[in-house]
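Residue-level structural notes
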Amino acid sequence: MFKADLCDLCGDCLVKCPWIKVDKPQAVEWMKAMMAGQQTSVLRRCITCFACNEICPTKANPFDLIARLQEQYDVFNSKEIAKLEEANYAFTKTLTKYPSSERIMTACLFQKTHPHLMQGQLYDLPRVSGKPYFCWLLFGHWGVESIQKKHAREMVDRLALTGAKEVICFHDDCYAMLATLAPGYGIEVPFRPVHLSEYLLSRLQQHRDRIKPLNISVAYQRPCASRLTPVKEHFVDELFELAGVTRVRRTYDRDGALCCANIKLLLGDGDPRPDQEKNILDAKQSGAQAMVCLCPMCLDGLAAVASVHGLPLIFLGDIARMALGEIAVPALGGAERA
Ligand code: SF4
Ligand code: SF4
């Protein structure tokens, strides 16, 4: 929720937005207008990357204001489609079968679309997936945040049916929902959401004696949803360190991260490839031999441009599997230095 009382109208959220180029006086004017409930060009130019919520120094959650107005003013043409899509994604039956375990993994919709990313002994725990456990963040991207909010409780309640004390989130979006958004909606989450990076790190620590350091330099592709849960970032760093992976310093990482830009296609907002190319070239020029993605959507969205530039993409989970010798390291790209 946007916290107007915390906003001191510094304008940083829009001045530092990776997608909207604006100076401070204009940013302040737009913020004032939006706080008064008015429409501004920010609403259409925003690609819903969540970055401003992390950028805001006072934690006022400016994206939540933007999202509310995007919905109020029907900003995205896809809004009607999104409402129809709600019916496609909703699980309307009664859930009768689910595992009962102290620790489970939720794979969201990726069990069906990306089963190859959750193979091997690291994923040998009870798992739930599919529509009943969909996290609905897609609809926040679509400019219909109310649909995301409407379904948040049912996701939490269905996961709670398993009796799990810990729910490992395969997808960063699910973790954002359980760790940040649902509590923000006033929903009590009766288990501990565990980010995939924390889980993989703990498994590597258990098998420390088996780790063969990979000795590779990679760029990390920090996904949009990580903007909502920055406190877990240290798990990614610790995982890389344990696996013998160097995360190169580059322009588009950490709080300067550029999302995969694929959301532009969903929003009818133009060709994402020039932005993706900026990101990939930044990685290569920073000495990366590969780019590690946490989100399967980043893997898919960046694949074509990364391939053109000879930069292999690796799923974060596969880094842990490689370090344990479960799978081979792919052919790496030749690093470039600026
Ligand atoms: S969500 Fe992203 S694109 Fe939208 S205003 Fe915030 S930083 Fe800019
Ligand atoms: S929402 Fe945050 S970053 Fe934006 S103007 Fe207000 S205080 Fe500054």
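The residue numbering used here restarts from 1 in each chain and proceeds along that chain's sequence as written. Written order determines the labels here, with chains lettered from A and ligands numbered from 1. The predicted origin of the model limits local features to residues at a pLDDT of at least 70 and limits the giving and counting of side-chain atom pairs to 80 or more, whereas totals for whole chains, interfaces and linings rest on all residues. To get the side-chain values, all heavy atoms of the structure are used, and hydrogens and water are removed first.

Some thoughts on the overall build of the chain
- Tallying secondary structure elements over the chain gives 16 helices and eight strands in all.
- Relative to a compact globule of 338 residues, whose C-alpha radius of gyration would be 20 Å, the chain shows 20 Å and is just as compact.
- Considered along the principal axes of its C-alpha atoms, the chain spans approximately 60 × 55 × 35 Å.
- Three labels apply to residues, based on accessible area from a 1.4 Å probe with only protein chains included: buried if under 20% of the type maximum, exposed if over 50%, partly exposed otherwise in between. Counting only residues that meet the buried cut, the chain has 56% of its 338 residues in that class.
- In this description, contact between two residues means that some pair of their heavy atoms is separated by no more than 4.5 Å. Looking at the chain alone, contacts between residues at least 24 apart form 72% of all its contacts between residues at least 6 apart.
- Residue exposure ignores everything except the shown protein chains as possible cover, and the areas themselves are Shrake-Rupley values with a 1.4 Å probe. Summing over all exposed atoms, the chain offers an accessible surface of approximately 14500 Å²; the carbon and sulfur share of this is 52%.
- Taking the average location of the 40 positive side-chain charges in the chain and that of its 38 negative ones, the two points are 2 Å from each other. Helical segments are the DSSP runs of H or I of at least four residues, strand segments are the runs of E of at least two, and each set is numbered from the N terminus. Here the radius of gyration uses the C-alpha set of atoms, whereas the globule reference equals 2.2 Å times the residue count to the power 0.38. Think of it this way: Lys and Arg go in the positive column, Asp and Glu in the negative one, and His and the chain ends go nowhere. Charge positions are represented by NZ for Lys, CZ for Arg, CG for Asp and CD for Glu.

What to know about the site of ligand 1
- Residues are labelled near a given molecule or strand when at least one of their non-hydrogen atoms is within 4 Å of it. By nearness alone, 13 residues border ligand 1, and Cys17, Cys46, Cys49, Phe50 and Cys52 come closest of all.
- Of all the elements in the fold, those that place two or more residues in the shell around ligand 1 are α4 (51-55) and α5 (62-72).

Description of the site of ligand 2
- For ligand 2, the set of nearby residues contains 13 residues, the closest of which are Cys7, Cys10, Gly11, Cys13 and Cys56.
- Across the shell around ligand 2, the residue classes break down as nine nonpolar, two polar and two charged. Amino acid classes used here: Ala, Val, Leu, Ile, Met, Phe, Trp, Tyr, Cys and Pro are nonpolar; Asp, Glu, Lys and Arg are charged; the rest, including Gly, are polar.

Some points on the environment of Gln205
- Within the secondary structure, Gln205 sits in helix α11 (residues 196-206).
- By relative accessible area, Gln205 is classed as partly exposed at 37%.
- Spatially, the C-alpha atoms of Gln205 and Leu242 are 7.9 Å apart, while their sequence positions differ by 37 residues.

Here's the deal with the side chain of Thr106
- In this structure, Thr106 sits in strand β1 (residues 103-106).
- The residues touching Thr106, leaving out its near neighbours within four places in the chain, are Val128, Tyr133, Leu159, Val167, Ile168, Cys169 and Phe170.

A short note on the domain arrangement of the chain
- Boundary definitions for the domains trace back to an automatic or database domain assignment. As far as domains go, the chain holds domain 1 (4-72), domain 2 (80-195) and domain 3 (200-323).
- One C-alpha centre belongs to domain 1, the other to domain 3, and the line joining them spans 27 Å.
- Each partner contributes to the roughly 1200 Å² buried at the junction of domain 1 and domain 3, and carbon and sulfur atoms together form 64% of this total.
- A pairing counts as a salt bridge when a side-chain nitrogen of Lys or Arg comes within 4 Å of a carboxyl oxygen of Asp or Glu. Run the count over domain 1 and domain 3 and you get three salt bridges.
- Arg44 is the salt-bridge partner of Asp269, the closest N and O atoms lying 3.9 Å from each other.
- Contacts described as polar in this section are N or O atom pairs within 3.5 Å, which, within protein, must combine one atom able to donate a hydrogen with one able to accept it, while residues neighboring in sequence count only if both atoms come from side chains. At the surface where domain 1 touches domain 3, the tally comes to three residue pairs in polar contact (both at pLDDT 80 or more).
- For the side of domain 1 that touches domain 3, the elements supplying multiple residues, two or more each, are α3 (42-45) and α4.
- Ranked by residues supplied to the side of domain 1 that touches domain 3, first place goes to α4 with three residues. Summed over both partners, buried area is the accessible surface (1.4 Å probe) that two parts give up on being assembled.

Some words on the sheet that holds strand β7 (residues 290-293)
- Note: two strands are recorded as paired if DSSP finds a minimum of 2 bridges between them. Across the sheet, which stays open at both edges, the four strands sit in the order β6-β5-β7-β8 with parallel pairing between neighbours. Whereas interior strands pair on both sides, the edge strands pair on one side only; in this sheet they are β6 (245-247) and β8 (313-315). Going from strand to strand, the sheet's axes swing by 40° on average, the running direction of each strand aside.
- Note that strand β5 (residues 216-221) and β6 share three bridges and pair parallel. Looking at β6, one finds that Ile216 is bridged to Val245.
- Set on the sheet, helix α15 (residues 296-308) makes contact with β5, β7 and β8; between it and β8 the angle comes to about 165°. Whenever a helix is involved, its axis is fitted only over the stretch in contact; in every case the axis is a line through C-alpha atoms, and angles between N-to-C directions fall within 0 to 180 degrees.

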